[in-house]
Amino acid sequence: MKNLKYIIISSCLLLVSIQSYSQRIWGNPVGQYAYNPAGAAMNDLGELVSCFYTTYESAINSPQGLMLLGSATFPTDNMGAGFRFTTEAGGVIKNIMGEATFMYRVNLGRDTKLAFGLSAVFNQIGLDYDKLSPQHAQDPIITQGAETGSYVDANFGISIYEANQFYFGIAGYNLIGQQTSWLLPNFTNRASRLISASGMYSLNLFQGDGKLETTLVGMTFMPQDEFTLSYDASCRLILKKTLWFGGGYSNNLVKVLAGIYIQNLSVGYTGAIGMGDISDYTYAFPKHELFLRMELDTSKSSR
């Protein structure tokens, strides 16, 4: 019973305080909205995006997750809205997050804009009973209110950008820092505040037939006893908006990515090669991620 208790509590700490499932760094070009509320409807187009991933499939009950997001401008074009939904399971823990965002932007010049985004967030975490194998059916971790817990919170971001050319933004997540209602004995769980910074720059090549796009993402929790940073640097070459390929580096992972455009639809794949110590105990390609994006003509400029 004690071993089960320690395993579950350790998993909860990993989920809520170290690697927040709802703020994952994605390998595919999902755009800034996944990391910053101010990134909604950034390229003057509406969008629907989905991304599915698996990690370390050789491990039992390895993490896998799904993200769905969408955003669009209002008829005035200086306001917009978005939603984001993620679900993820890893070990005996499962998590669901839903986010609704309002975005407002102002013109700084001919093409440069400053955007602000505010999100209301709902999170639910719990145990996946199908994956539990307790030694005792009456283990208090299972019987004393440990099924699920939830909390509401708020995110805020600011970004400066030029559509399809560059962006840079910084955002704060879990600003309220609510304690969850997950009533585990002798365990206080509270959402940690997260600081996220993301940027992109695009360079035209081959007389406009190609484009080199570089993106950077960094995330860290505040406060923490020892500074840790989750990061990702990616570069992809886009040819005539028909296909792309590229690579990148994240924490102990080397990425390869590729994708194609089919009119207003894009499909992509990212695989990652493990470089850390854990690569000795799992497959050479521990991470696989599938990506699907649809562009929608919802703004005045896009029409």
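Residues numbered from 1 in each chain as written. Predicted model: local features only at pLDDT ≥ 70, side-chain atom pairs only at ≥ 80, totals over all residues. Heavy atoms only, no water.

Peer 1: Just to check I follow, could you spell out the overall build of the protein chain for this structure?
Peer 2: Check the secondary structure of the protein chain and you find two helices and 14 strands. Scored against the burial criterion, the 303 residues of the protein chain give a buried share of 46%. In the protein chain, of all internal contacts separated by at least 6 residues, the share reaching a separation of at least 24 is 55%. Carbon and sulfur atoms provide 60% of the accessible area of the protein chain, an area that totals close to 15000 Å². (Helix = DSSP H or I, 4+ residues; strand = E, 2+ residues; numbered from the N terminus. Buried < 20%, exposed > 50% of the residue type's maximum accessible area, 1.4 Å probe, protein only. Contact = heavy atoms within 4.5 Å. Areas by Shrake-Rupley, 256 points an atom, 1.4 Å probe, with all protein chains shown as cover.)

Peer 1: Is there a simple way to explain the nonpolar core in this structure?
Peer 2: In terms of nonpolar packing, the biggest core is built from 31 residues, with Trp26, Val30, Ala34, Tyr35 and Met67 touching the most fellow members. Contributing elements (two or more residues each) for this core: strand E1 (46–55), strand E2 (64–73), strand E7 (166–173), strand E8 (193–205), strand E9 (210–222) and strand E12 (253–262). Sequence-distant contacts of Tyr35, defined by excluding residues within four places in its chain, comprise Arg24, Ile25, Trp26, Val30, Ala171, Tyr173, Ser196, Ser198, Val217 and Met219. (Core = buried A, V, L, I, M, F, W, Y, C linked by side-chain atoms within 4.5 Å.)

Peer 1: Looking at this model, I keep getting lost on the pairing of E1. Mind explaining?
Peer 2: Sheet faces and side chains relate simply in a regular strand, where the side chains alternate between the two faces. For E1, the buried fraction is high: eight of the ten residues fall into the buried class. The pairing of E1 with strand E14 (residues 287–296) spans ten bridges and is classified as antiparallel. Bridge pairing in E14 places Leu48 opposite Met294. As paired strands, E1 and E2 are joined by eight bridges and run antiparallel to one another. Of the residues in E2, the one forming a bridge with Phe52 is Leu66. (Pairing = 2+ DSSP bridges.)

Peer 1: Sorry if this is basic, but what is going on with the pattern of salt bridges here?
Peer 2: Proximity of charged atoms lets side chains of opposite charge pair with each other. Per the stated rule, a full pass over the model turns up eight salt bridges. Of the charged contacts, one joins Lys241 and Glu295 as a salt bridge, the two residues approaching to 3.4 Å between their closest N and O atoms. Taken together, the residues span a long stretch of sequence, with Lys241 in the loop between strand E10 (230–239) and strand E11 (243–250) and Glu295 in strand E14 at a distance of 54 residues. In this structure Lys241 comes out as partly exposed when scored by relative accessible area, which is 45%. (Salt bridge = Lys/Arg side-chain N within 4 Å of Asp/Glu carboxyl O.)

Peer 1: Explanation requested: unusual backbone geometry in the structure shown.
Peer 2: Note: most residues except glycine have negative phi, and most peptide bonds are trans. Unusually for a residue other than glycine, Asn174 sits at a positive phi of about 55°. Position of Asn174 among the secondary structure elements: in the loop between E7 and E8. The backbone of Gln263 sits at a positive phi, close to 55°, despite the residue not being glycine. Along the polypeptide, Gln263 turns up in the loop between E12 and strand E13 (265–274).

Peer 1: For this particular structure, what's the right way to read the environment of Ser50?
Peer 2: Structurally, the position occupied by Ser50 is in strand E1. Judged by its relative accessible area of 19%, Ser50 is buried. With near-sequence residues (within four places) excluded, Ser50 lies in contact with Met67, Leu68, Leu290, Phe291 and Leu292.

Peer 1: What is the right way to look at the environment of Gly126 in this model?
Peer 2: By the element assignment, Gly126 lies in strand E5 (residues 112–127). Its relative accessible area of 0% is what places Gly126 among the buried residues. A C-alpha to C-alpha distance of 6.1 Å links Gly126 and Gly149, two positions 23 residues apart in sequence.

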